[in-house]
Structures are given as C-alpha cells and as structure tokens.
Amino acid sequence: MYLPTAELGVEVRSPWHETYDKFPHYAAHGVRELLVVDAEPRSIDAYALVDGGYVATATSAVLGITIADLHTKIDWPA
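Quick caveat: nothing in here was measured; it's all calculated off a predicted structure. (Residues numbered from 1 in each chain as written. Predicted model: local features only at pLDDT ≥ 70, side-chain atom pairs only at ≥ 80, totals over all residues. Heavy atoms only, no water.)

K.L.:
How should the overall build of the chain be read in this particular structure?
P.N.:
Secondary structure summary: the chain contains 2 helices and 6 strands in total. Order of helices (α) and strands (β) in the chain, N terminus to C terminus: β-α-β-β-β-β-β-α. Expected size for 78 residues packed as a compact globule is a radius of gyration near 12 Å; at 13 Å, the chain falls within 12% of this value. Once the C-alpha set of the chain is aligned to its principal axes, its extents read approximately 35 × 30 × 25 Å. Out of the 78 residues belonging to the chain, those deemed buried represent 31%. At a minimum sequence separation of 6, the contacts of the chain that also span at least 24 residues come to 50%. Summing over all exposed atoms, the chain offers an accessible surface of approximately 5300 Å²; the carbon and sulfur share of this is 58%. Between the mean site of the 5 positive side-chain charges and the mean site of the 11 negative ones, the chain shows a separation of 4 Å. (Helix = DSSP H or I, 4+ residues; strand = E, 2+ residues; numbered from the N terminus. Rg over C-alpha atoms; globule rule 2.2 N^0.38 Å. Buried < 20%, exposed > 50% of the residue type's maximum accessible area, 1.4 Å probe, protein only. Contact = heavy atoms within 4.5 Å. Areas by Shrake-Rupley, 256 points an atom, 1.4 Å probe, with all protein chains shown as cover. Lys, Arg positive; Asp, Glu negative; His and termini not counted. Charge placed at Lys NZ, Arg CZ, Asp CG, Glu CD.)

So, in structure tokens, the structure goes:
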C-alpha cells in the first residue's frame, strides 16, 4: 500500500533546534499536523497545515484530543 503523505508527524526537539527547519519539507509533502515534543521542559506544541504552512493549534484534529489532555497522558521520563 502506498500513501503519498502522513497525517501526523512527530518531532522530538533536538538540542540543535533544527526541528523547525524541517517544517517546509513536511508542508511540501502535505503532512496534515505536526507535534513537537520537548522532553525538557516536558512540552508539546502542535501545528496544523493551513494554506501551505503551519499554524499553532491547541487541538490535534488527527488524534481528536487537546494538546493539554495529550500532555497529561504521556509517561514523561524521570
């Protein structure tokens, strides 16, 4: 089975902050949503593809959950 894109991309934020440099690549491939997870300070940022670029959002339509609720469901490392 071939799918031309992904509905959701998850990036674990790197110490070199290259995560956001990848957004144009994801947008060019039509990835509907991106989650950026940072283990320190235990944060999640969500972005939705709108008119060829990403805008911050408080809810993941793909997962059907608010980012605040998703944050409480993650078993963050100690």
